Amino acid sequence: MKVIQFQEQMLGNTIIQQDDASAILPFLEDGKEVVYSVRRGREQNELCFKLVSSEGEIKATGSYFVGIDWLKEHKVAIQVNPKMNNGFEIDYVRMLNDALCEPENFEHLKDLVTIHFDKPSIRVTQQQDLLSIFLVTEYLNLLQRIIIKGLKKSYYVVEENIENKVKGKILIGKNIHQNLVKGRITNNVCRYQVYDIDTPENRILKKALYFCCKQLEFYKHIETTYLEKKCRFIKPYFNDIGDEISLKTIKTYKGNPIFKEYNQALEFAQLLLRRFSYNISVTGKQEIDTPPFWIDMSKLFELYVFHHLRQIFTNKSEIKYHISAHYQELDFLLNPTEWPEPYIIDAKYKPRYKSQDISIDDAREISGYARLRSIYKNLGLNEDTTLPIKCLIIYPDQDKDERFLFTRTEEPLFDKVSGYVRFYKVGIKLPEIKQA
């Protein structure tokens, strides 16, 4: 089986190398194309990657997704890596970890990762396994939030062989088999309820935590010190929780939707354990089987930007994420208390905006947000007398800092976007994986 490597954001119809094309051509007829996409909403499909066969050549078009999927099951797979055109490799794990320092981002994790468990797994090396470390990072950050608030107690049933007393209900059949036929007439097999933290859901969380900590021991190609610290911090909180939990319980357990954060952690725990086939021996192998998946890097960039904006605008009323207005959803609405005017902000995962003009489609999209009557109403502005709302695009720029240098007390002079009025842009650096 062959895994062909690509990088994200490939320009439309990029001709790929002959060696890779030779591996693809037997499975892609001339004039045909294969499109990888993920579903967004009920009908919308979003492009992840596309291959087109044309006169003996293979042309590729990348998007803002990284991941791995089959071209021909069990024979050829394609993998798209988080690497920009200038060659640096994005540390998407640290991007995620930084983003999840902002609690509100936990509410926006839906559709960040799409996993196809219905397809056969693909064998890759530990270094090619993008999915595991991504899920581990999400889970550890979520679990850290839970244990800081305190593990949830609830009632659960215990069966115990008790000496010289009765607790709850005696299980007559089991008591006869385990005690009376053996002459232990003072013992009783009892079933009773306990209100404590040693519940099935906490045992599932503990088992997934154990898988995470074990997996982190084997990563050499990326920095995981901050995740290992989280493991050491979280582990002691599970010391009083048992290890035994059946596979059936793990697969079928349903959390209480009233406890949203706990329910989310359980879903991630079940996802992680399923990804490792519920087998701890799978962790740490040099070659592992991964289900096909796609990670939305543009959404990850939004989460990353929101975290850094929140570092500056600490008042929750100042910056709002994913505001719905007139059947549309803008990224950020900034209404700073100490700046003279608000901003419509859009995070565009497009490094080319450092040196190129903003595309007409993006300019129209953001300008359209700034003309919505509901946005004026949200900001308390008079639509007849107020100047057009300022628009700001945030994009990746590796020559900038990994944080915004402006403050909440003074509005900066953002770079103006040529050809547009009250339209600006600013870059932020993405974390990079240091080359050995």
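Relevant structure appears above.
Notes on the structure follow. Going along each chain's sequence as written, the residues are numbered from 1 onward. Local features in a predicted model are, by the rule used here, given only for residues with pLDDT of at least 70; side-chain atom pairs are given and counted only at 80 or more, and totals for whole chains, interfaces and linings are based on all residues. Remark: hydrogens and water are excluded; side-chain values derive from all non-hydrogen atoms of the structure.

## Structural notes on the sheet that holds strand 12 (residues 187-196)
At least two DSSP bridges between two strands are required for those strands to pair. Starting at the N terminus, helices and strands are each numbered in turn, a helix being any DSSP run of H or I of at least four residues and a strand any DSSP run of E of at least two. Pairing is antiparallel across the open sheet formed by three strands, whose spatial order is 10-12-11. Edge positions in the sheet fall to strand 10 (154-163) and strand 11 (169-170), since each has one partner strand and no second.

## A few points about the sheet that holds strand 14 (residues 293-296)
Spatially, the five strands line up as an open sheet ordered 1-7-6-14-8, and their pairing is mixed. Two strands close off the open sheet at either side, each with one partner strand: strand 1 (2-7) and strand 8 (113-115). If you compare each strand with its neighbour and ignore which way they point, the axes differ by 15 degrees on average. Pairing geometry for strand 6 (residues 65-72) and strand 7 (residues 76-81), over five bridges, is antiparallel. If you follow K72 over to strand 7, its bridge partner there is V76. Between the N-to-C directions of two axes lies an angle of 0 to 180 degrees, each axis being a line fitted to C-alpha atoms and, for a helix, fitted only over the stretch in contact.

## Notes on helix 10 (residues 360-369)
Only protein chains enter the accessibility calculation, which uses a 1.4 Å probe. A residue is then buried if its area is under 20% of the maximum for its type, exposed if over 50%, and partly exposed in between. Regarding helix 10, the residues found buried are D362, A363, I366, S367 and Y369. All buried residues of helix 10 project into a common sector of 155 degrees when viewed along the axis, lining one side. Turned more than 90 degrees away from the buried face of helix 10 sit D361 and R364, all of them exposed. Contact between two residues is taken to exist if any of their heavy atoms lie within 4.5 Å; hydrogens are not considered. The inward-facing, buried residues of helix 10 contact strand 16 (328-334), strand 17 (343-347), helix 11 (373-379), strand 18 (390-396) and strand 20 (423-428). Throughout, the arc means the angular range of directions from the helix axis out to the C-beta atoms.

## Section: the packing of helix 2 (residues 92-99) against helix 6 (residues 225-234)
Look at helix 2 against helix 6: their axes get within 10 Å of each other, and the N-to-C directions meet at 45 degrees. By the angle between their directions, the pair helix 2 and helix 6 is classed as oblique. Contacts between helix 2 and helix 6 involve V93, R94 and N97 on the former and, on the latter, Y226, L227 and K230. Any residue outside Ala, Val, Leu, Ile, Met, Phe, Trp, Tyr, Cys, Pro, Asp, Glu, Lys and Arg is labelled polar, Gly included; the first ten of those are nonpolar and the last four are charged. Across the contact of helix 2 with helix 6, the residue classes tally to three nonpolar, one polar and two charged. The cut-offs work like this: below 35 degrees is roughly parallel, past 145 is roughly antiparallel, 65 to 115 is roughly perpendicular, and the gaps in between are oblique.

## Structural notes on empty space enclosed by the protein
In this analysis the probe radius is 1.4 Å and the grid spacing 1 Å, with only protein atoms considered; a cavity is a set of points the probe fits into but cannot get out of, a pocket is an open set with protein on both sides within 12 Å along at least five of seven lines, and lining residues have an atom within 4 Å of a point. Grid points are joined across faces, edges and corners, and a volume is the space filled by probe spheres set on the points. Overall, the coordinates contain one cavity of 30 Å³ or more when judged by the stated rule. In this structure, the largest cavity encloses a volume near 30 Å³. The wall of the largest cavity is formed by L309, F313, L334, W339, Y343, I345, L392, F406 and F414. Residue composition of the lining of the largest cavity, by class: nine nonpolar, no polar and no charged.

## Description of a nonpolar patch on the surface
Taken together, the side chains of V166, I170, I172, I176, L180, V181 and I185 make up a nonpolar region of the molecular surface, amounting to roughly 660 Å² of accessible area. By the secondary structure assignment, I172 is in helix 4 (residues 172-178). Taking relative accessible area as the criterion, I172 reaches 61% and is therefore assigned exposed. Any residue with relative accessible area above 30% and no salt bridge may belong to a patch, with like charges joined within 9 Å and the nonpolar Val, Leu, Ile, Met, Phe, Trp and Tyr side chains within 5 Å. Values of accessible area rely on a 1.4 Å probe in the Shrake-Rupley scheme; residue burial ignores everything except the protein chains shown. Salt bridges are identified by distance alone: a Lys or Arg side-chain nitrogen within 4 Å of an Asp or Glu carboxyl oxygen.

## A closer look at the packing of aromatic side chains
Working definition: rings of Phe, Tyr and Trp (its six-membered ring) pair if their centres are within 6.5 Å, and the pair is stacked with planes under 30 degrees apart, edge-to-face with planes over 60 apart, and tilted otherwise. If you walk through the whole model with that rule in mind, you get 21 aromatic pairs. Ring geometry for Y155 and Y195: centres 4.9 Å apart, planes at 50 degrees, overall tilted. With Y155 in strand 10 and Y195 in strand 12, this residue pair connects regions lying 40 residues apart in the sequence. Residue classification places Y155 among the exposed positions, given a relative accessible area of 58%. Pairwise contacts between aromatic rings join F313, W339, Y343, F404, F406, F414 and Y424 into one cluster. R274 extends its terminal NZ or CZ atom over the ring of F117, reaching a point 4.0 Å from the ring centre. A ring has a charge above it when a Lys NZ or an Arg CZ is no more than 6 Å from the ring centre and no more than 35 degrees off the ring normal.

## A few points about the pairing of strand 4 (residues 44-54)
Regular strands place side chains that alternate from one sheet face to the opposite one. One ladder, built from eight bridges, connects strand 3 (residues 33-40) with strand 4; its direction is antiparallel. Each residue of the ladder has a partner; that of R40, found in strand 4, is Q44. By the bridge criterion, six bridges tie strand 4 to strand 5 (residues 57-62) in an arrangement that is antiparallel. In the sheet register, S53 faces strand 5, and the bridge partner there is I58. Hairpin geometry of strand 4 and strand 5 is characterised by an intervening segment of two residues between the two adjacent antiparallel strands and by a positive phi of about 55 degrees at E55.

## Description of the side chain of N202
Tracing the sequence through the fold places N202 in helix 5 (residues 200-216). Counted as a polar contact is a pair of N or O atoms within 3.5 Å, where, for protein atoms, one must be capable of donating a hydrogen and the other of accepting one, and residues adjacent in sequence contribute only when both atoms are in side chains. Engagement of the side chain of N202 in a polar contact is seen with the backbone oxygen of K152, the distance being 3.2 Å. With sequence-adjacent residues up to four places away left out, N202 is seen in contact with L151, K152, I197, F238, I241 and Y262.

## Brief notes about the pattern of salt bridges
One side chain can pair with another of opposite charge once the charged atoms of both are near each other. Within the structure shown, the criterion is met by 28 salt bridges. Two residues, R191 and E159, come together in a salt bridge whose shortest N-O distance is 2.6 Å. Of this pair, R191 sits in strand 12 while E159 sits in strand 10, and the two are 32 residues apart along the sequence. The salt bridge involving K348 is made with D346; its shortest N-O contact spans 3.1 Å. Overall, D346 belongs to the buried group, its relative accessible area being 2%. Several salt bridges converge on common partners, so that one network encompasses D346, K348, K350, D362 and E365.

## What about the pairing of strand 12?
Bridge count between strand 10 and strand 12: ten bridges; the pairing is antiparallel. Along strand 12, the bridge assignment pairs S154 with D196.

## Re unusual backbone geometry
A negative phi angle characterises most non-glycine residues, just as the trans form characterises most peptide bonds. Here the phi dihedral of E55 falls at roughly 55 degrees; this positive angle occurs in a residue that is not glycine. Locating E55 in the fold gives a position in the loop between strand 4 and strand 5. In the Ramachandran plot, S277 falls in the positive-phi region, its phi being about 55 degrees despite a non-glycine side chain. Along the chain, S277 falls in the loop between helix 8 (260-275) and strand 13 (287-290).

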